[in-house]
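Chain residues, written in single-letter form:
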Amino acid sequence: TVFGNLGTVWYLTFLLVGLFAFVFIPLAYFWYETDEEEPFGTRVCTTICWSIVNLFVFWCILFSLYWTGGSVELPIEVSQPYATANTTYFRNPMDAPPAWTDVAAVETESATQTISASLVIYVLALLSFVGWLLMVVFGGIGMATLPLDLIDAWVNRPMPIDLKQFAEKKLDLKKKCSSLIEIGKKQRDKFKQKPNAFRERRFVNKYKKLVLDLEQEMALLNLCYKKNEINPLIPWLQLFGGIFAAILTLSWWFQLIFEIFLYGLVPPYLSDIFNSLSSAFPLFGVSAYGAFAFYMLICVIKGSIQFAGRFFLISIHPMKLHGTMINSFLFNVGLLLICSISCTQLCTTAFRGFTHSSAISQIFVSQVQYLQGFKYFYATEVPLFYTLLMCISFLQTTFSIFAMCYCAKKHADNVNDAMAEMRRGV
């Protein structure tokens, strides 16, 4: 069948994504994270050991979940029409009701059909689950900060300065760099005397963030001084991009509310628009659907950078044109690969009016969503992952707007405060 062929393609695609996300990308990432001063053999052993640990943990979780509950508990409606032929019909509640002919009366009752799930489905479900854990946090933060940061970039766009202002700011920046180097040396000696892996890792992450802030401040200072290099179109493109991103974020919110939390109570929002675009020309509907999916992945990258720069629990990995480190590139590629599966499930469920009866809908809506051990995160009346995504996004939006309006500080002041905190050893 067509669904069978496309379903096989989807399975192979997701398995390849998992192979790259949990084998090849971590292998390369751990290699670039090793110390270059160490012997080659030590670096190879360290890389292989961490990669094996990463893969071992994944497979232990997979097999433990699969052997304890490897089945799909699919809710169905059992219909018994009273007609000339006494036939029982089973259907998924998500499907459209059948067109009854020659039926005098129909009685329906809810039931649960238990179906054994294949190991491939469980691998896909676990990959999606890991992606959801990351997408809920990073995607929720990114949906709020991406449009606001683009608009803020237009508000604080670079303005031309004269030579005197340039010299003063450059001298101040030089003092900050010297002070940061001094702080780094003192903290290094402190950690040698009293080792503390967690505090040291958190300090290193905070130190990286400050270095990136100073680099950004220096680049902005050079741009303000070299008036001829200021492109007046870039700030306006950032403003347009911020407004467009805000529209996409609001559309995502409304779609999740209408299609997930109020499903069946209100008509579909974007699904009807996608269907109308597809009726006009199929590529239009697919392109609009893809735009929302890719926007969510962009928000995940933005959210991970924002999260790392605020809580310092993970290393910050910014993406800069002509300035991205290899380990940062690998980290973000791995993050995109892991979250791409959960993003596919999100779009399949949120736009179920558009993806209805498709091969990907049969995989996620009819199988993964109702797997034992996972259904509580997707298939309850208040789905946990969708609720957390909305809550984090709302809270981050409220916090960001409040900070921009009432706690606004110059970038230089934020850097000074962070350096003062590091001097205190916090």
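Residues numbered from 1 in each chain as written. Predicted model: local features only at pLDDT ≥ 70, side-chain atom pairs only at ≥ 80, totals over all residues. Heavy atoms only, no water.

Draft legend 1. Geometry of the overall build of the protein. Along the protein, the regular secondary structure elements total 14 helices and three strands. For the protein, the residues scored as buried account for 37% of the 426 residues in total. Contacts spanning at least 24 positions in sequence make up 77% of the contacts within the protein whose residues lie at least 6 apart. Just so you have it, the protein exposes about 24,200 Å², and 67% of that area is on carbon and sulfur atoms. (Helix = DSSP H or I, 4+ residues; strand = E, 2+ residues; numbered from the N terminus. Buried < 20%, exposed > 50% of the residue type's maximum accessible area, 1.4 Å probe, protein only. Contact = heavy atoms within 4.5 Å. Areas by Shrake-Rupley, 256 points an atom, 1.4 Å probe, with all protein chains shown as cover.)

Draft legend 2. Fine view of the packing of helix α6 (residues 233-261) against helix α8 (residues 282-311). Contact pair α6 / α8: the axes reach a minimum separation of 11 Å and the direction vectors enclose 100°. With respect to α8, the element α6 is oriented roughly perpendicular. Across from Ala 245, Leu 248, Thr 249, Ser 251 and Trp 252 in α6, the residues of α8 making contact are Phe 292, Tyr 295 and Met 296. Its residues assigned to classes, the contact of α6 with α8 comprises six nonpolar, two polar and no charged. (Axes fitted to C-alpha atoms, helices over the stretch in contact; angles between N-to-C directions. Parallel < 35°, antiparallel > 145°, perpendicular 65-115°, else oblique. Nonpolar A, V, L, I, M, F, W, Y, C, P; charged D, E, K, R; others polar.)

Draft legend 3. Structural context of the side chain of Thr 34. When you line up the elements, Thr 34 lands in the loop between α1 (2-33) and α2 (40-69). For Thr 34, a relative accessible area of 11% puts it in the buried group. Once residues lying within four places of it in the same chain are set aside, the contact partners of Thr 34 are Arg 43, Thr 46 and Thr 47.

Draft legend 4. The arrangement of the pattern of salt bridges in detail. Within the structure shown, the criterion is met by eight salt bridges. Residues Lys 302 and Asp 149 are paired through a salt bridge, measuring 2.7 Å at the closest nitrogen-oxygen approach. Highlighted residues: Lys 302 in helix α8 and Asp 149 in helix α3 (residues 119-155), separated in sequence by 153 residues. Lys 186 is paired through a salt bridge with Glu 182; the nearest N and O atoms lie 3.2 Å apart. On the criterion of helical spacing, the pair formed by Lys 186 and Glu 182 is a turn pair, its members being four residues apart in helix α4 (residues 163-193). Residue Lys 186 is classed as exposed on the basis of its relative accessible area, which comes to 54%. Residue classification places Glu 182 among the partly exposed residues on the basis of a relative accessible area of 45%. The network of salt bridges with shared partners includes Asp 172, Lys 176 and Glu 217. (Salt bridge = Lys/Arg side-chain N within 4 Å of Asp/Glu carboxyl O.)

Draft legend 5. Examining the nonpolar core more closely. Counting 67 residues, the largest nonpolar core has Trp 252, Leu 256, Leu 346 and Phe 351 as the members making the most contacts within it. Element by element, the count of residues in this core is highest for α3, at 15 residues. Residues in contact with Leu 346, not counting those within four places in the same chain, are Trp 132, Met 135, Trp 252, Leu 256, Met 296, Tyr 386 and Leu 389. (Core = buried A, V, L, I, M, F, W, Y, C linked by side-chain atoms within 4.5 Å.)

Draft legend 6. Quick peek at the packing of aromatic side chains. For the structure on display, the rule yields 32 aromatic pairs. Ring centres 6.2 Å apart and planes at 35° place the aromatic pair Phe 30 and Trp 50 in the tilted group. Note that Phe 30 is positioned in helix α1 and Trp 50 in helix α2, a separation of 20 residues in sequence. Pairwise contacts between aromatic rings join Trp 252, Phe 274, Tyr 289, Phe 292, Phe 351 and Phe 354 into one cluster. (Phe/Tyr/Trp six-rings, centres within 6.5 Å; stacked < 30°, edge-to-face > 60°.)

Draft legend 7. A look at α4. Spanning 31 residues, α4 covers 46 Å between terminal C-alpha atoms, matching the ideal 45 Å at 1.5 Å per step. Here α4 has its buried residues at Phe 166, Leu 173, Lys 176, Ser 179, Leu 180, Ile 183, Gly 184, Gln 187 and Phe 191. Where α4 starts, the residue carrying a side-chain oxygen 3.3 Å from the main-chain nitrogen of Lys 164 turns out to be Asp 162. (Expected span 1.5 Å × (residues − 1). Polar contact = N/O pair within 3.5 Å; in protein donor to acceptor, adjacent residues only side chain to side chain.)

Draft legend 8. Examining a nonpolar patch on the surface more closely. Residues Leu 27, Ile 48, Trp 50, Ile 52, Val 53, Phe 56, Val 57, Ile 61 and Leu 65 make up a contiguous nonpolar surface patch of roughly 820 Å² in combined accessible area. The leading source of residues in the nonpolar patch is α2, at eight residues. Topologically, Val 57 is positioned in helix α2. The partly exposed category is assigned to Val 57, whose relative accessible area is 42%. (Patch = residues over 30% accessible without salt bridge, like charges linked within 9 Å, V, L, I, M, F, W, Y side chains within 5 Å.)

Draft legend 9. Local environment of a negative patch on the surface. Taken together, Asp 35, Glu 36, Glu 37 and Glu 38 make up a surface patch of like negative charges. Residue placement: Glu 38 occurs in the loop between α1 and α2. (Lys, Arg positive; Asp, Glu negative; His and termini not counted. Charge placed at Lys NZ, Arg CZ, Asp CG, Glu CD.)

Draft legend 10. Summary view of the packing of α4 against helix α5 (residues 197-225). Contact pair α4 / α5: the axes reach a minimum separation of 11 Å and the direction vectors enclose 170°. The angle between α4 and α5 places the two elements in the roughly antiparallel class. You can see that α4 and α5 cross each other, and the crossing is left-handed. Here the contact of α4 with α5 is composed, by residue class, of 16 nonpolar, three polar and six charged. (Left-handed = near helix turned anticlockwise from the far one by under 90°.)

Draft legend 11. Spotlight on the state of the cysteines. Tallying each qualifying case throughout the model produces zero disulfides. As a non-bridged cysteine, Cys 339 has Cys 343 as the owner of its nearest cysteine sulfur, 8.4 Å distant. Since its relative accessible area comes to 0%, Cys 339 is described here as buried. There is no disulfide at Cys 343, and the cysteine sulfur nearest it, in Cys 347, is 4.1 Å away. (Disulfide = S-S within 2.5 Å.)

Draft legend 12. Spatial organisation of the confidence of the model for the protein. Summarising the model, the protein shows a mean pLDDT of 81, and 84% of its residues fall at 70 or more. Of the regions scoring below 50 in pLDDT, residues 82-86 engages in eight contacts with residues more than four places distant in sequence or in other chains. Scored below 50 in pLDDT, residues 100-104 makes nine contacts in the model with residues more than four places away or belonging to other chains. (pLDDT = per-residue confidence, 0-100.)

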